[in-house]
Amino acid sequence: MSLYWETADLLTAPNNAGGSLKSRIFSKKDLKSQPAQVYALAVETCKWSSVLKEVVENADILRLERKLTPIISILLAHDLLLAKKGVALPATHGLRTSIERHKNRLQAEFTRARIRRKLGSVEAFKAFIESGLENGEDGPELLRPRWIRINTLKTTLEDQLETTFLGYERSTTVSAVRTRHTKSLFIDGHVPNLIATSPNVDLTKSDAYKSGAIIFQDKASCFPAYLLDPLPEDGDIIDSCAAPGNKTTHIAAILLSHNAEPDECSQVLHAFEKNKGRAETLEKMVNLAGSGTWTKVHPGQDFLKSDPKLAAFKNVGALLLDPSCSGSGIIGRDDMPALHLPAIKNASNSTSKPHKKGSKVPEPTSEPRKRKRVDHEEALDVMVDDDGEVTAVNSEDELKARIDALSKFQLELLLHAFKFPAARKITYSTCSIHAGENELVVQKALEHPIAKEQGWRILKRENQIRGMQEWPVRGSFDACNGDEVLAEACIRANKEDEHYTMGFFLAGFIRTLEPEKDLDAEFIRDERGHLVRDIMGFPLRNAPQEESLNPVDGPVDQTLAHPTDEKDEWTGFEDENGQNGPAPLPHKAPKLGNKSWPDGRQITTKKRPQFGITDKKRKKSKKSD
């Protein structure tokens, strides 16, 4: 069976294989074993590797069983001693017989290892390992607290404190929950309905987790939806790159918290995800979290190809952008778990041949064979983006080229969001530590003609929601070219500081939309809704303005204006025998000056012929004759 060999190959792969252990396993296309089975065996073996190394070395089975390699020996020992079903190989398989013939000795050494740690039972031993206390400082990632968002679409913080987290000790600082030998939790002071807990308890088996009442989400990942803070007056919302759905469901929770009658909320949350596989994950998350009523998933649709002028998006007032990035801020993205391998006792590691008489036998090494960790500064061999795509990076120039390519896409996404006509606020975020994907993208966006034409500007720190105002880690002053206002407006989170978050970046954009002028409302209408016009036929405005075409201040002079009606319309002058007589003259002719129509066209005025005066002169001349 290939399970043990495939797991061994993945655990001992060179450092430049790229990505986390999980991404390596699930992206490997030629695995014969189930990826989930390989991953579980690899993780559990690494977790127990310091103990298993001790057991295998003290049992001295590597010297006795030449078929077993150090990595294979601890994989088999793990299943023999800890797996419910034992070794997953046929009873007659050579590897299984090699490990099982030493079963009693291995179990005895396992018991001694437990007693040396002063643990009274196997269950206590397992809790000790799960708590991360065995690895101590060797596994700092294990000492990070677990961040949990309370999903207010289904529950409340108070309810969860009285049920799921009943009996937990309340900590006053997030660092206090790092001592994971006890159950403790910390209520976050920046993001509402967010807590940090000790990670030694498996909450994945709790009813709250299975029902979607609690969601595992890093604190920094909660920043975008919280900063966006969608209000009822913001209209519809777009999450442009929505999978797996943590931020999408967080938006929905905040949206509903601002509505007094959630069932009557008519706002729509559009969730775009161009990858169909990830879109399925998104839909499952939306349904589990209970936000399906207000969320419209667009599976397989690229946000960049959406038309901002479509009727479906005419009410979109807020957008959350969390595009693909280098993923350099994700915890453990470039790390492999610590792996302790046993050494062969009283034998050379380089040969299995017996030593000649008189030759010096090498002393067994007491140093553990441990997989080296790669510092971030040296890890230029590969880069994994947040979609799991692995890109080879062999130099600083190649890293810069990759960042440049990502930043072009990120800028394009941001500029596209600027084009939505009713949009008033946008958040842009990445899980990257590189300024090229963060502050530089923000600067380029603000300097772009689209931003200036549409009136977009940075959301300053003093205008941000309270929790984000008070967050102490801000943007890079140098990356912002010394612009202190811009640097303070940007929000960062570091993955190696006292806040225990992932590496993250966030910035907000806002604009003030001027209400469109209702030109029709500027004009006077009669009780039948007809426009009231002056003697020249021009509509009269409601109030006198500097550019008003109404020449009369105050009430409308009925001698200059009358409602348009078919019965009252002027149809021309009667002939000389007509009874109507000449048209009446105004008391004072309006001075129109250089006026224009609302659409900008100039109004040309000509002096109207005064037919009445001419007729009077004609009558006088006839009498004189």
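Being a predicted model, the structure only gives us computed values, none of them experimental.

The next thing to look at is the overall build of the protein. Looking only at helices and strands, the protein features 19 helices and 19 strands. Residue burial in the protein is summarised as follows: out of 625 residues, 45% are buried. When contacts within the protein are restricted to residue pairs at least 6 apart in sequence, long-range pairs at least 24 apart make up 70% of them. Of the roughly 34,000 Å² that the protein leaves accessible, carbon and sulfur atoms contribute 50%.

We now examine the UniProt feature "binding site: S-adenosyl-L-methionine" (unreviewed entry) in the protein. The UniProt entry lists C241, A242, A243, P244, G245, N246, K247, E273, D302 and D322 under the feature "binding site: S-adenosyl-L-methionine" (unreviewed entry), expressed in the numbering used here. Here G245 lies in the loop between β6 (236-239) and α12 (246-257). Apart from the residues within four sequence positions on either side, G245 is in contact with L282 and M285. Checked against the element boundaries, K247 lands in helix α12. K247 sits in the buried class, given a relative accessible area of 14%.

Moving on, we get to the nonpolar core. Among the nonpolar cores identified, the biggest contains 43 residues, and Y4, I71, I72 and L76 are the most heavily contacted of them. Elements that contribute at least two residues to this core include exactly α1 (3-11), α2 (21-26), α3 (35-59), α4 (61-64), α5 (70-82), α6 (94-100), α7 (103-116) and α8 (122-130). Per element, the largest residue contribution to this core is ten residues, and it comes from α3. In contact with L76, not counting residues within four places along its chain, are Y4, L68, V87, L89, L95 and I99. Counting residues in hydrophobic clusters, the runner-up holds 32 residues, among them L321, I426, V441 and F509.

For the rest of this paragraph, the subject is the packing of aromatic side chains. Taken as a whole and assessed by the stated rule, the structure comprises twelve aromatic pairs. Seen from their ring centres, F223 and W471 are 5.1 Å apart, and the 70 degrees between their planes marks the pair as edge-to-face. Pair noted here: F223 is in helix α11 (residues 223-228) and W471 is in the loop between α17 (466-470) and α18 (484-489), with a separation of 248 residues, a long-range link. With a relative accessible area of 0%, F223 lands in the buried category.

The next thing to look at is the environment of L415. With respect to the element layout, L415 can be found in helix α14 (residues 396-418). Measuring from C-alpha to C-alpha, the distance between L415 and H448 comes to 8.2 Å, with 33 residues separating the pair along the chain.

With that settled, consider the sheet that holds strand β4 (residues 194-197). Strands sit in the order β2-β3-β4-β1-β5 across an open sheet of five strands; the sheet is mixed. Where the open sheet ends on each side, the last strands, each with one partner, are β2 (169-170) and β5 (214-216). As paired elements, β2 and strand β3 (residues 184-187) share two bridges and run parallel to each other. Bridging across to β3, E169 finds its partner in S184. Contacting β1 (146-150) and β5, α12 runs over the sheet at an angle of about 40 degrees to β1.

Further remarks concern the pairing of strand β8 (residues 295-299). As paired strands, strand β7 (residues 269-273) and β8 are joined by five bridges and run parallel to one another. Counted as the bridge partner of F272 is H298 from β8. The handedness of the β7 to β8 crossover, carried by helix α13 (residues 276-289), is right-handed.

Here α7 contains 14 residues, and its C-alpha end-to-end distance of 20 Å stays within 8% of the 20 Å for a straight helix at 1.5 Å per residue. Next to the buried residues of α7 lie α3, α4, α5, α6 and α8.

What follows covers the packing of α3 against α8. Running from N to C, α3 and α8 point in directions that differ by 110 degrees, and their axes come no closer than 10 Å. Between α3 and α8, the angle is such that the two are roughly perpendicular. Residues E44, K47, W48 and V51 of α3 touch α8, and the partners they reach there are F125, K126, I129 and E130. Looking at the contact of α3 with α8, its residues break down into four nonpolar, no polar and four charged.

The interhelical angle for the contact between α3 and α7, taken along N-to-C directions, is 125 degrees, at an axis separation of 9 Å. When the axes of α3 and α7 are compared, the pair comes out oblique. Both α3 and α7 take part in a crossing whose hand is right-handed. Residues W48, V51, E54, V55, N58 and A59 of α3 form the contact with α7, whose own contacting residues are R105, L106, E109, F110, A113 and R116. Residue composition of the contact of α3 with α7, grouped by class: seven nonpolar, one polar and four charged.

Okay, the side chain of D234 next. As for its position among the elements, D234 is in the loop between α11 and β6. Looking at D234, the relative accessible area reads 5%, which means it is buried. Within the structure, the side chain of D234 is placed 2.7 Å from the side chain of K425, a separation counted as a polar contact. Look past the residues within four positions of D234 in its chain and what remains in contact with it is D229, Q267, N315, V316, G317, A318, R424 and K425.

To continue, consider the pattern of salt bridges. Taken as a whole and judged by the stated rule, the model has 17 salt bridges. Its salt-bridge partner being R101, residue E65 comes within 2.8 Å of it at the nearest N-O pair. Linking E65 in the loop between α4 and α5 with R101 in the loop between α6 and α7, this pair joins segments that are 36 residues apart in sequence. Under the relative-accessibility criterion, E65 is labelled buried at 9%. The residue R492 makes a salt bridge to E439 at a minimum N-O spacing of 2.9 Å. With R492 in strand β16 (residues 491-493) and E439 in helix α15 (residues 439-447), this residue pair connects regions lying 53 residues apart in the sequence.

What follows covers the pairing of strand β14 (residues 425-430). β14 sits mainly inside the fold: six of its six residues count as buried. Both faces of β14 are covered, namely the face carrying K425, T427 and S429 and the face carrying I426, Y428 and T430. Where β14 and strand β17 (residues 504-510) come together, six bridges link them in antiparallel fashion. Within β17, the residue paired with T430 across the bridge is F505.

What follows covers the confidence of the model for the protein. Confidence in the prediction of the protein, expressed as mean pLDDT, is 80, and 73% of residues score 70 or more. Confidence over residues 137-142 falls short of pLDDT 50; this stretch has ten contacts with residues more than four positions distant or in other chains. Segment residues 545-569 is flagged for pLDDT under 50; beyond a separation of four residues in sequence, or across chains, it makes 38 contacts in the model.

Conventions adopted
- Residues numbered from 1 in each chain as written.
- Predicted model: local features only at pLDDT ≥ 70, side-chain atom pairs only at ≥ 80, totals over all residues.
- Heavy atoms only, no water.
- Helix = DSSP H or I, 4+ residues; strand = E, 2+ residues; numbered from the N terminus.
- Buried < 20%, exposed > 50% of the residue type's maximum accessible area, 1.4 Å probe, protein only.
- Contact = heavy atoms within 4.5 Å.
- Areas by Shrake-Rupley, 256 points an atom, 1.4 Å probe, with all protein chains shown as cover.
- UniProt positions renumbered as here; feature names shortened; annotations may be inferred.
- Core = buried A, V, L, I, M, F, W, Y, C linked by side-chain atoms within 4.5 Å.
- Phe/Tyr/Trp six-rings, centres within 6.5 Å; stacked < 30°, edge-to-face > 60°.
- Pairing = 2+ DSSP bridges.
- Axes fitted to C-alpha atoms, helices over the stretch in contact; angles between N-to-C directions.
- Right-handed = clockwise from strand over helix to strand, strands pointing away.
- Expected span 1.5 Å × (residues − 1).
- Parallel < 35°, antiparallel > 145°, perpendicular 65-115°, else oblique.
- Nonpolar A, V, L, I, M, F, W, Y, C, P; charged D, E, K, R; others polar.
- Left-handed = near helix turned anticlockwise from the far one by under 90°.
- Polar contact = N/O pair within 3.5 Å; in protein donor to acceptor, adjacent residues only side chain to side chain.
- Salt bridge = Lys/Arg side-chain N within 4 Å of Asp/Glu carboxyl O.
- pLDDT = per-residue confidence, 0-100.

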